[in-house]
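Architecture at a glance
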Amino acid sequence: MAAHWETSRRIQAKRNAEQEAKERMEIAQREEAYGKHIAPYLGLCFITGDIEIRPLPTVMSVYEEGEAMHHCIYRMKYWQRTDTLLMSARDKEGKRLESIEVNLRDYTVLQSRGLQNQPTEQHDAIVALVKKNMRQIKTIRNQAI
């Protein structure tokens, strides 16, 4: 029985490694399109107190955000949406707080989620900071169109 479980574990580990390699290859193929979409927003940085919010600059960074935060920002392909701006809120030490999705059609915060989709203690401050700076996002969007 122990040998069976060990073999099963090894097979699953190999499948996981193969799946991750496939994901990384697909990510590399998608970087160019995402890069064109996100490029105008890369200079954005909103700071208040110990919160810093920046766009997620690459598909790989979206993938890493989803993995670290244990939510679906990558798997649900939010990064493919051209009417969405994906951002990451972090503390001064760089610890991820929440992932933010901004609707670029009506300039609203669609969602802001912390670890495992839970709101953080800083949730209201994060959303308020994005809303306070929505005019900058709108200006960039209008210039890019």
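Residues numbered from 1 in each chain as written. Predicted model: local features only at pLDDT ≥ 70, side-chain atom pairs only at ≥ 80, totals over all residues. Heavy atoms only, no water.

1. Side note on the nonpolar core
Stated precisely, the cut-off is as follows: By nonpolar core we mean a set of buried residues, namely Ala, Val, Leu, Ile, Met, Phe, Trp, Tyr and Cys, connected to one another through side-chain atoms within 4.5 Å. Burial classification: accessible surface area is computed with a 1.4 Å probe over protein chains only, and a residue below 20% of its type maximum counts as buried, one above 50% as exposed, and the rest as partly exposed. We call two residues contacting when some pair of their heavy atoms lies within 4.5 Å.
Judged by nonpolar contacts, the single largest core of 34 residues is most densely connected at Ile53, Leu85, Ile100, Val102 and Ile137. Ignoring anything within four residues of it in the chain, the contact list for Ile53 reads Leu44, Cys45, Phe46, Met87, Ser88, Ala89, Ile100, Ile126, Leu129 and Val130.

2. Thoughts on the sheet that holds strand β1 (residues 46–48)
Under the convention used in this document: A pair of strands counts as paired when DSSP detects no fewer than two bridges linking them. The helix count covers DSSP runs of H or I at least four residues long, the strand count covers runs of E at least two residues long, and both are numbered beginning at the N terminus. Orientation is described by lines fitted to C-alpha atoms, with helices fitted over the stretch in contact, and by angles between N-to-C directions that extend from 0 to 180 degrees.
Taken in spatial order, the five strands of this open sheet run β1-β2-β3-β4-β5, and their pairing is antiparallel. Across the chains shown, the open sheet's two edge strands, defined by having one partner strand only, are β1 and β5 (108–113). Strand-to-strand twist across the sheet, computed as the mean angle between neighbouring axes with direction ignored, equals 20 degrees. Relative to strand β4 (residues 96–103), strand β3 (residues 84–91) is paired through seven bridges, and the arrangement is antiparallel. Looking at β4, one finds that Thr84 is bridged to Asn103. Across the sheet, helix α2 (residues 59–69) is in contact with β3, β4 and β5; its angle to β4 comes to roughly 130 degrees.

3. Looking at the side chain of Ser112
Note on placement: Ser112 falls in strand β5. The class of Ser112 is buried, set by a relative accessible area of 4%. Beyond its immediate stretch of four places on either side in the chain, Ser112 contacts Glu98, Ser99, Ile100, His123, Ile126 and Val127.

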